[in-house]
Amino acid sequence: MMQLFYVTVNVCLTSNLCVTPLGLEGDVDLQFLLVGGKLMKIKSSSWKKDRMYKLHDDNATIWHESHRIFKRKQTFSIDDVDSVRKGRQSEGLQKHTEAHVEDRCFSIFFKGRRRNLDLVATSVEEARQWVNGLEKIISNMKKLNRQQTSEQKADKNKDNMMTLKELKHFLRQINIEVDETYAKLLFTKCDTSNSGTLEGSEIKHFYDLLTHREEIDVIYEKHAATGGQMSAQDLLNFLLNEQREVATLEDALRLIEKYELDDSAKHMNHMTKDGFLMYLQQEEGSIFNPAHKKVFQDMSQPINHYFISSSHNTYLMEDQLKGPSSTEAYIKALMKSCRCVELDCWDGAHGEPVIYHGHTLTSKVLFKDVIKAIKEYAFKTSEYPVILSLENHCTLEQQKLMAKHMISILGSALLTSPLEDQMPTAFPSPQELKGRFIIKGKRLNKLDAVFSNTSPGVEDDCVSEEDEAAETNNSKTDTNEQKIKLAKQLSDLVIYCKSVHFSGFEHAKDNQAFYEMSSFKESKAVNLAETAVYYIHFIMHLSRIYPAGSRTTSSNYNPVPLWNAGCQIVALNFQTPSKEMDLNQGRFRSNGLSGYILKPEFQRYAGSEFNPMTLTKGPWIKHKAFHIMVISAQQLPKLNKDKPKSIVDPLVKVEIYGVPADTCSKETRSIENNGFNPMWNETFQFDIQVPELAMLRFLVEDYDATSQNDLIGHYCLPLTSLQNGYRHVPLLTKRGDVIPSAGLFVHLMLLDAK
């Protein structure tokens, strides 16, 4: 692959042709994009304009026509695209186009907060080619390796030659500062033709020198014991002794077949240094255990035995005072494997209920449109059940319409009765509830009424408000006295998640049925989490925690103490990038992105004496010594792209989150003016008492002596999901997107403490 790439690049350098994405040579959809065509851009019902769009010759940029007088740049990078959706899958297209153009519509969604692009093609076939072509390019971009990303940047003016000035500009572009003397030395060493420019193989030589990984040399040479190369047996020894993997000779041969680039070495079942580096940069060499990318936990336990990825005010894109409400917010949360979403329901115009943050300036979105979006995207990332947490403020007639919409839109996927033929005594499992929607809300009667054919004394009756609604309304009266009328049609849809007011642990123990659950605002939950009886409550009952109403900017609270206490549904503002969301992303990265993580056994069974605040002897204590060496980083992004000479001074923080006894943070020194290949070789040790609740977080920052450090990238994962040995760590942006080519290289060892 690497040799093929160099051939492709050298052809490009000598013939002034662009680099065709690997595997797409002659692809008809790619050729269609390069020619381009007219698309109708949709902004509103009155703003629908035909514009020319085409793929630029670099195969990485889309050019589009613009009629603005003071127009911004007329291109966007494929790398900035999050996804392409065929059909009327955006709010804009649903509102501003007719159903008969469904097959001609598609939307381009971007990473971050950039507004999506809604387009209508001139024909169904052209829409198909646009979507297929873009998806192929996006997929190809994700596969580009580090070498490709950098080498293509070197020739600034595309004349197939690189001058000393271009070389220095290139070094700054990839975030490395070198002095004048070293730049000239590097240039002269590569300019074997003495032409004053680098061409063809000379640029390749320059690239090889630039990307040389000294730390990889040391590791490879230590283990390459067969004529200067790694034999299959040498590689097996490396896997067993350094990577601490359970491996066989067949596993080593499989890696050679998969990643070795040199045919002669592969023929001898050897792995060269290039193949070794390729292996380390792929998923087998990642810090995250590839086995945990699939569902590997027991999914047959009752759902109250799991941590459940949960969103608060899911409809909001921004703050809680004037931000927009959108179906897109639900789509983004569900695609991140969120399994519990919130619907804040109010009476809307024309008899149609709406969702928004009541008594604020946040925009409104139709309830039925939200249900349609949930139905469409609920099970694309995870097939496990989704809980719809209703906060109901509607009048009876609109409640009945809510029930009608959910029944008609969700169909058989909506759970409308217990799975059993008789009154259940415990929750069903995520496995049993695959592909189902569970309604959380108020119910007029007990669940056993489903089997006894009893009903409330009247068709509709009064119930107390949801605790969160009562807090939002800021009433001075006791929560129990705040009543709303509940429609029987809506009540009957609440099966396994009946909302009840929390009146104390003793009351819950004596009176609360297994399917009855309470919600707690963060401050109350944190206070209760310091009492041992709270942990017992979370073993027996589902509970939901939500952010305080005072968090008007949609900020988040620390979810870790609540997970430590065993709370299943810790709802966060998914729309707000934060350390807390990093931790949530890390917690649910494992188990196949199912959105369900099986709680440790000591958090699942009655009689457990586990207390995270005051650790005592018990099965939760599995003392580990965690050794980590932060070796190096590769291709860290520039933070200030407007200043060409601005180079980052990176440092790495290594953080452990878990029970208080395990929570700890350590950091490296900063490296001045080098974001391309900084090296630290710094070692840290952590003592871990409860590894099953611990998470490891890497934070890479740009050091600033006079102000707060700036975030470069981060990554978080459960401690139990890491792989020992030499590993690469991917880095994510503030919003959780992968930073192409950037990463850390570390050595890890999680061992039983002596």
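These figures come from a predicted structure and were not determined experimentally. (Residues numbered from 1 in each chain as written. Predicted model: local features only at pLDDT ≥ 70, side-chain atom pairs only at ≥ 80, totals over all residues. Heavy atoms only, no water.)

A. Local environment of the overall build of the protein. Of regular secondary structure, the protein possesses 24 helices and 32 strands. The buried share of the protein, taken over its 754 residues, is 56%. Of the accessible surface of the protein, which amounts to about 32,700 Å², a share of 51% is contributed by carbon and sulfur atoms. (Helix = DSSP H or I, 4+ residues; strand = E, 2+ residues; numbered from the N terminus. Buried < 20%, exposed > 50% of the residue type's maximum accessible area, 1.4 Å probe, protein only. Areas by Shrake-Rupley, 256 points an atom, 1.4 Å probe, with all protein chains shown as cover.)

B. Summary view of a nonpolar patch on the surface. The grouping of M423, V450 and F451 at the surface amounts to a nonpolar patch, some 190 Å² of accessible area in total. In this fold, F451 is placed in helix α17 (residues 449-452). (Patch = residues over 30% accessible without salt bridge, like charges linked within 9 Å, V, L, I, M, F, W, Y side chains within 5 Å. Salt bridge = Lys/Arg side-chain N within 4 Å of Asp/Glu carboxyl O.)

C. Just the UniProt feature "active site" (unreviewed entry) in the protein, in detail. Within this numbering scheme, the UniProt entry marks H312 and H357 as carrying the feature "active site" (unreviewed entry). Across 46 residues of sequence, these annotated residues stay compact in space, with a maximum C-alpha separation of 11.2 Å. As for its placement among the helices and strands, H312 is situated in the loop between β12 (306-311) and α14 (327-335). A relative accessible area of 1% means that H312 is categorised as buried. A polar atom in the side chain of H312 sits 3.5 Å from the side chain of N313. Along the chain, the position of H357 falls in the loop between β14 (354-355) and β15 (365-366). Judged by its relative accessible area of 10%, H357 is buried. In this view, H357 contacts N313, Y315, Q320, D344 and T362; residues no more than four positions away in its chain are not counted. (UniProt positions renumbered as here; feature names shortened; annotations may be inferred. Polar contact = N/O pair within 3.5 Å; in protein donor to acceptor, adjacent residues only side chain to side chain. Contact = heavy atoms within 4.5 Å.)

D. Examining the sheet that holds strand β6 (residues 105-110) more closely. Taken in spatial order, the 7 strands line up as β4-β3-β2-β1-β7-β6-β5 in an open sheet, and their pairing is antiparallel. What marks the edges here is a single partner per strand, and that holds for β4 (75-77) and β5 (81-86). Between one strand and the next, the sheet's axes are offset by a mean angle of 30°, whatever the strand orientation. Along the sheet face, helix α2 (residues 28-35) touches β1 (37-42) and β2 (48-55) and points at about 120° away from the line of β2. (Pairing = 2+ DSSP bridges. Axes fitted to C-alpha atoms, helices over the stretch in contact; angles between N-to-C directions.)

E. View of the pairing of strand β25 (residues 624-634). Of all the 11 residues making up β25, 8 are buried; the element is thus mostly covered by neighbouring parts of the structure. Both β25 and strand β32 (residues 738-752) contribute to a ladder of 10 bridges, which runs antiparallel. Bridge pairing in β32 links V630 to V746. Strand direction decides the pairing type here: β25 and strand β28 (residues 679-688), joined by 8 bridges, are antiparallel. Within the sheet, the bridge partner assigned to K624 lies in β28 and is I688.

F. Molecular detail of the UniProt feature "binding site: substrate" (unreviewed entry) in the protein. The UniProt entry lists K440, K442, S519 and R544 under the feature "binding site: substrate" (unreviewed entry), expressed in the numbering used here. The largest pairwise C-alpha distance within this set of annotated residues, which runs over 105 residues, is 14.3 Å, so the set is compact in three dimensions. The subset of the named residues that lines the second largest cavity consists of K442. In this structure, K442 sits in the loop between β17 (437-441) and α17. When its relative accessible area of 11% is taken as the criterion, K442 is described as buried. Mapped onto the fold, S519 is located in strand β21 (residues 516-521). (1 Å grid on protein atoms, 1.4 Å probe; cavity = no way out; pocket = protein on both sides within 12 Å on 5 of 7 lines; lining within 4 Å.)

G. Layout of empty space enclosed by the protein. Across all of its chains, the model carries 6 cavities of 30 Å³ or more by this definition. In this structure, the second largest cavity encloses a volume near 90 Å³. Surrounding the second largest cavity, 11 residues form its lining, L390, N392, G441, K442 and L486 being those nearest its centre. (Points joined across faces, edges and corners; volume = space filled by probe spheres on them.)

H. Spotlight on the pattern of salt bridges. One pass over the structure, following the stated rule, counts 28 salt bridges. Of the charged contacts, one joins K38 and E65 as a salt bridge, the two residues approaching to 3.4 Å between their closest N and O atoms. Here K38, found in strand β1, pairs with E65, found in the loop between β3 (61-64) and β4; they are 27 residues apart in sequence, far enough to count as distant. We classify K38 as partly exposed; its relative accessible area is 42%. We note a salt bridge from K95 to E91, for which the minimum N-O separation is 3.9 Å.

I. Unusual backbone geometry, seen in detail. Despite not being glycine, N313 has its phi angle at roughly 45°, a positive value. As for its position among the elements, N313 is in the loop between β12 and α14. Judged by relative accessible area, N313 falls into the buried class, the value being 1%. Unlike most non-glycine residues, S554 shows phi in positive territory, near 65°.

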